[in-house]
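Secondary and tertiary structure notes
The residues making up each chain are set out below.
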Protein chains: 2
Amino acid sequence: MDHNKIPQATAKRLPLYYRFINNLNHQGKKRVSSKELSDAVKVDSATIRRDFSYFGALGKKGYGYNVEYLLGFFRKTLDQDETTDVALIGVGNLGTAFLHYNFMKNNNILIKMAFDSDPEKVGTTIGDVPVYHIADLEKKLDGVNVAILTIPASEADGITDRLVAEGITGILNFTPARITVPEYIRVHHIDLAVELQALVYFLKHYPLEETKQLD
Amino acid sequence: MDHNKIPQATAKRLPLYYRFINNLNHQGKKRVSSKELSDAVKVDSATIRRDFSYFGALGKKGYGYNVEYLLGFFRKTLDQDETTDVALIGVGNLGTAFLHYNFMKNNNILIKMAFDSDPEKVGTTIGDVPVYHIADLEKKLDGVNVAILTIPASEADGITDRLVAEGITGILNFTPARITVPEYIRVHHIDLAVELQALVYFLKHYPLEETKQLD
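Residue indices follow the written sequence of each chain, beginning from 1 at its first position. Whichever chain is written first is A, and whichever ligand is written first is 1; the rest continue in order. Confidence filtering applies because this is a predicted model: local features only for residues at pLDDT of at least 70, side-chain atom pairs given and counted only at 80 or more, and all residues used for totals across whole chains, interfaces and linings. Heavy atoms throughout the structure, all of them, feed into the side-chain values; hydrogens and water do not.

Threshold: UniProt positions are given in the numbering used here, feature names are shortened, and annotations may be inferred rather than shown by experiment.
If you look chain A up in an unreviewed UniProt entry, it shows as Redox-sensing transcriptional repressor Rex from Virgibacillus massiliensis. Per UniProt, chain A has the following entry under Sequence similarities (unreviewed entry): "Belongs to the transcriptional regulatory Rex family." If you open the UniProt record of chain A and go to Function (unreviewed entry), you find "Modulates transcription in response to changes in cellular NADH/NAD(+) redox state."

1. Observations regarding the sheet that holds strand 6 (residues 129–133) of chain B
All names here are of chain B. To keep things clear, this is the line we draw: Strand pairing is assigned whenever DSSP detects at least two bridges linking the two strands. Going along the chain from the N terminus, every DSSP run of H or I of four or more residues is numbered as a helix, and every run of E of two or more is numbered as a strand. By the convention used here, residues are in contact when the closest approach between their heavy atoms is within 4.5 Å. Here an axis means a line fitted to C-alpha atoms, over the contact stretch when the element is a helix, while the angle between two N-to-C directions is reported on a 0 to 180 degree scale.
Judged by pairing direction, the sheet is mixed, and its 7 strands sit side by side in the order 5-6-4-3-7-8-9 without closing on themselves. Edge positions in the sheet fall to strand 5 (125–126) and strand 9 (186–189), since each has one partner strand and no second. Strand direction decides the pairing type here: strand 3 (residues 84–89) and strand 4 (residues 109–116), joined by 6 bridges, are parallel. By the bridge assignment for strand 4, D85 is matched with L110. The strands that helix 7 (residues 153–165) touches are strand 3, strand 7 (146–149) and strand 8 (170–173); relative to strand 7, the one it contacts most, it runs at about 175°.

2. Re the pattern of salt bridges
Threshold: Take a side-chain nitrogen of Lys or Arg and a carboxyl oxygen of Asp or Glu: if they are within 4 Å of each other, that pair is a salt bridge. Residue burial is assigned from relative accessible area. The probe radius is 1.4 Å, only protein chains are included, and a residue is buried under 20% of its type maximum, exposed over 50%, and partly exposed in between.
For the coordinates displayed, the defined rule picks out 8 salt bridges over all chains. A salt bridge links D136(A) to K139(A), with the shortest nitrogen-to-oxygen separation between them at 3.5 Å. Residue classification places D136(A) among the partly exposed positions, given a relative accessible area of 24%. Ionic pairing is found between R162(B) and E138(B), a salt bridge with its closest N-O pair at 2.9 Å. Of this pair, R162(B) sits in helix 7 while E138(B) sits in helix 6 (residues 137–140), and the two are 24 residues apart along the sequence. By relative accessible area, R162(B) is classed as partly exposed at 26%.

3. So, the pairing of strand 8 (residues 170–173) of chain A
Residues and elements named next belong to chain A. The condition that has to hold: We call a crossover right-handed when, viewed with the strands running away from us, the connection from the first strand over the helix to the second turns clockwise.
In strand 8, alternate side chains face the same way, and those of G170 and L172 on one face and I171 and N173 on the other are all buried. Examined bridge by bridge, strand 7 (residues 146–149) and strand 8 share 4 bridges and lie parallel to one another. Within strand 8, the position partnered with I148 by the bridge is L172. Traced from strand 7 through helix 7 (residues 153–165) to strand 8, the parallel crossover comes out right-handed. Both strand 8 and strand 9 (residues 186–189) contribute to a ladder of 4 bridges, which runs parallel. From the neighbouring strand, G170 faces strand 9, where its bridge partner is R186.

And the structure:
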């Protein structure tokens, strides 16, 4: 698969598509229309058709796309040969939840180490991942360039600066803090409150029965 | 604010816009261009300009949009007078993280109750939220119509059926399970593994330095 052939705007939508197609496959669905995909991933049908044409997936009128073909494509494209090591910073409730996930089951991502300052956690392993003291960040991080931030917001800036100094290039930020990083560092931000707020907003203003009548 | 004036496709993008504008405001930024917004939220500039025209926000060439004005609009639109009660199902690590969030700080969403089967948790309160036994779901749920699922995947189907029978209309699903619900029920799905996978994919294929040269 030559990734250079896929426009970046299309690539940005791959994980969205992947998640939904994977859902359909689990439900035993064999095909999907661009309209169904559009409703689910909130991307207009024309864009979806154009994106899919880059993957060599050509939908048939009245049939749609083959779910298995799409899933095979997404797996090949998203799952890479090389394993990516990740460091998790902050072994609180959310951090611990992450450590209990088995990321290796579906893709080549490994949480290799975790950091915390709690003496009860330091020196233990959780979900097979060793927990080091946050004071040892610079000593232990060796080679890892992706970090998950599950620390209190008040600690986000200080930790981020230390991660950047150590050459981290990607951060998955679960803190409510808005961290400042050099522009070559990629930060994805997930705010649990915003996710809940979005759901509630849609329930209030776009109840699904009404939506169906409008469509 | 008359929500009916905003097309649904535009409304779907509000939480995305809100998150990013809120970030900018925290960083002390006073203005933002549609290009900057486009890069951040992955929506093309023309769509952003059209969306914002519905909000009465008209960007000026060479200046962009006023961050404070946009934020005021989003707050007014997303924060509602009426509080929405939410039930959290599954007080494991992720569920406990949710209970420690103070959702009421920024919006009118309240996790009113939580359910679990662990006798050590049932009867306690976590983050001021009472934890009931999952066997009492039908008895306690009274009037709550939004649920957060933070239970093991294996329990997702059974619990979902019970929630649907009790009149739940919205589910924020954090389990890796793909739940099946009637079409009038809104399900938002957040998969921690997919979020991490997306970050790693972009780091590998679109390092930010390279991206800047291509733009």
